[in-house]
There are 2 protein chains.
Amino acid sequence: MGATKTEHFTDKQNNIATLAKALGHPARIAIVEYLIKVDTCICGDIVNELPLAQPTVSQHLKELKNAGLIKGNIEGNAICYCIDEKAIDKLQNYFGNISTKLINKKNNCC
Amino acid sequence: MGATKTEHFTDKQNNIATLAKALGHPARIAIVEYLIKVDTCICGDIVNELPLAQPTVSQHLKELKNAGLIKGNIEGNAICYCIDEKAIDKLQNYFGNISTKLINKKNNCC
DNA sequence: AATCTTTATCGTAATATTGCAATATTAAAT
DNA sequence: ATTTAATATTGCAATATTACGATAAAGATT
């Protein structure tokens, strides 16, 4: 064994887990934060921003893209990456929802 | 190689990544959702709720606890787990912040 | 066409994660 | 003191992730 048993969970649970997993690495957090910081998203210089080799950065970008957190357009021979707001909105809604549910409970058992 | 190079990133980046990583598995999402659903958090029955063996669930609980997402009190010979709101608040703030930053940009390049 | 630039892919080593059976631990109940 | 019940730990196999050197692919530049 060793593979996640995704089939036993709901699509929604798997979807949130996929997004969270994609952000579960500091390099990918750093990439997302960099994409937010720069106004333009001509993003070839992400490699220069990160303390990682180019193939490693490329792999992290791929994972963020697969999870739906970023999208990329071909821009000449470079590629322009930027945040996909829909994914961020999903996460914000998810945690906002949990937050309000917790406020309505206030079980002081722990 | 193979280990994450945490030392190259900021504490904040590592902290968010740790929280995200802990939620990067559908079983742990399911655990969190179950803890929210039940009013009382006498939580021995998480094992019955999940399609996983007891040691596996115990391990997932441990990871959630290490990341600071849940906390547990000894309650007789059972253990009472529940959500740590501070962690959820951190995540909510983080994504809320990103969201507003994105609205203020509206770069239509991708 | 040859070269440069930028990004992706392949191959591979090191390490981490996932899952569970077996076993240990600890406190309650008999 | 034994047994029962609930949770944790150990050990291990299967798989996934992380990182990077080498190389490929594809458009831009000369």
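On a predicted model such as this, the values are computed, not experimentally measured, just so you know. (Residues numbered from 1 in each chain as written. Chains lettered and ligands numbered in written order. Predicted model: local features only at pLDDT ≥ 70, side-chain atom pairs only at ≥ 80, totals over all residues. Heavy atoms only, no water.)

### A short note on the pairing of strand β1 (residues 70-75) of chain B
Residues and elements named next belong to chain B.
And then number 1: By the bridge criterion, six bridges tie β1 to strand β2 (residues 78-83) in an arrangement that is antiparallel. Counterpart to K71 in the pairing with β2 is C82.
And then number 2: Linking β1 back to β2 in an antiparallel pair, the connection comprises two residues, with G76 at a positive phi of about 70°. (Pairing = 2+ DSSP bridges. Helix = DSSP H or I, 4+ residues; strand = E, 2+ residues; numbered from the N terminus.)

### Re the packing of helix α2 (residues 26-37) of chain B against helix α4 (residues 54-67) of chain B
Residue and element names in this part refer to chain B.
And then number 1: At a minimum axis distance of 10 Å, the contact between α2 and α4 shows a crossing angle of 75°. Judged by the inter-axis angle, α2 sits roughly perpendicular to α4. Contact residues: A27, R28, I31 and V32 in α2; H60, L61, E63 and L64 in α4.
And then number 2: Considered class by class, the residues forming the contact of α2 with α4 number five nonpolar, one polar and two charged. (Axes fitted to C-alpha atoms, helices over the stretch in contact; angles between N-to-C directions. Parallel < 35°, antiparallel > 145°, perpendicular 65-115°, else oblique. Contact = heavy atoms within 4.5 Å. Nonpolar A, V, L, I, M, F, W, Y, C, P; charged D, E, K, R; others polar.)

### A short note on the pattern of salt bridges
Residue and element names in this part refer to chain A.
And then number 1: In this structure the tally under the stated criterion is four salt bridges over all chains.
And then number 2: For E63, the salt bridge is made with R28, and the minimal N-O distance between the two is 3.1 Å. Here E63, found in helix α4 (residues 54-67), pairs with R28, found in helix α2 (residues 26-37); they are 35 residues apart in sequence, far enough to count as distant. (Salt bridge = Lys/Arg side-chain N within 4 Å of Asp/Glu carboxyl O.)

### A few points about the relation of the copies chain A and chain B
And then number 1: Turning chain A through 180° and shifting it by 0.0 Å along the axis lays it on chain B, with an RMSD of 0.0 Å. Put plainly, the chains are arranged around a two-fold axis.
And then number 2: Comparing contact sets, 100% of the residues at the interface of chain A also lie at the interface in chain B, consistent with an isologous, same-surface contact. (Least-squares fit on C-alpha atoms with pLDDT ≥ 70 in both.)

### Notes on the side chain of R28(B)
Residue and element names in this part refer to chain B.
And then number 1: We classify R28 as buried; its relative accessible area is 7%.
And then number 2: A polar side-chain atom of R28 sits 3.5 Å from the main-chain carbonyl oxygen of K21.
And then number 3: At 3.1 Å, the side chain of R28 forms a polar contact with the side chain of E63.
And then number 4: Apart from residues lying up to four places away in sequence, R28 is in contact with K21, A22, H60, E63 and L64. (Buried < 20%, exposed > 50% of the residue type's maximum accessible area, 1.4 Å probe, protein only. Polar contact = N/O pair within 3.5 Å; in protein donor to acceptor, adjacent residues only side chain to side chain.)

### Observations regarding the packing of α2(A) against helix α5 (residues 85-103) of chain B
And then number 1: Viewed as axis vectors pointing N to C, α2(A) and α5(B) meet at an angle of 30°, and their least axial separation amounts to 10 Å. Classified by the angle between their axes, α2(A) and α5(B) sit roughly parallel to one another. Mapping the contact onto sequence places I29(A), V32(A), E33(A) and I36(A) in α2(A) and Y94(B), I98(B), K101(B) and L102(B) in α5(B).

### Let's talk about the interface of chain A and chain B
And then number 1: If you look at the interface, chain A gives 51 residues, while chain B gives 51 residues.
And then number 2: A buried area of about 4500 Å², summed over both sides, lies between chain A and chain B, and 68% of it is on carbon and sulfur atoms.
And then number 3: In this assembly, chain A and chain B are joined by zero salt bridges.
And then number 4: If you look at where chain A meets chain B, you find 10 residue pairs in polar contact (both at pLDDT 80 or more). (Buried area = accessible area lost by both parts, 1.4 Å probe.)

### Some words on empty space enclosed by the protein
And then number 1: Applying the stated criterion across every chain yields a total of one cavity of 30 Å³ or more.
And then number 2: Reported here for the largest cavity is a volume of approximately 50 Å³.
And then number 3: What lines the largest cavity is L19(A), A20(A), L23(A), L91(A), F95(A), L19(B), A20(B), L23(B), L91(B) and F95(B).
And then number 4: The set of elements that each furnish at least two residues to the lining of the largest cavity consists of α1 (11-22) and α5 (85-103) of chain A together with α1 (11-22) and α5 of chain B. (1 Å grid on protein atoms, 1.4 Å probe; cavity = no way out; pocket = protein on both sides within 12 Å on 5 of 7 lines; lining within 4 Å. Points joined across faces, edges and corners; volume = space filled by probe spheres on them.)

### Some details on the nonpolar core
And then number 1: Counting 68 residues, the largest nonpolar core has L23(A), L69(A), F95(A), L23(B), L69(B) and F95(B) as the members making the most contacts within it.
And then number 2: Ignoring anything within four residues of it in the chain, the contact list for F95(B) reads L23(A), I88(A), L91(A), Q92(A) and F95(A). (Core = buried A, V, L, I, M, F, W, Y, C linked by side-chain atoms within 4.5 Å.)

### Comments concerning the packing of aromatic side chains
And then number 1: On inspection of all chains with the given rule, the structure shows three aromatic pairs over all chains.
And then number 2: Both rings, one in F95(A) and one in F95(B), keep their centres 5.8 Å apart while their planes meet at 5°; by these two values the pair is stacked. Placement of F95(A) in helix α5 and of F95(B) in helix α5 is noted, with the two residues assigned to different chains. In terms of burial, F95(A) and F95(B) fall into one category: buried.
And then number 3: Note on Y94(B) and F95(B): the rings are 5.5 Å apart at their centroids and 85° apart in plane angle, and the pair reads as edge-to-face.
And then number 4: For Y94(B), a relative accessible area of 12% puts it in the buried group. (Phe/Tyr/Trp six-rings, centres within 6.5 Å; stacked < 30°, edge-to-face > 60°.)

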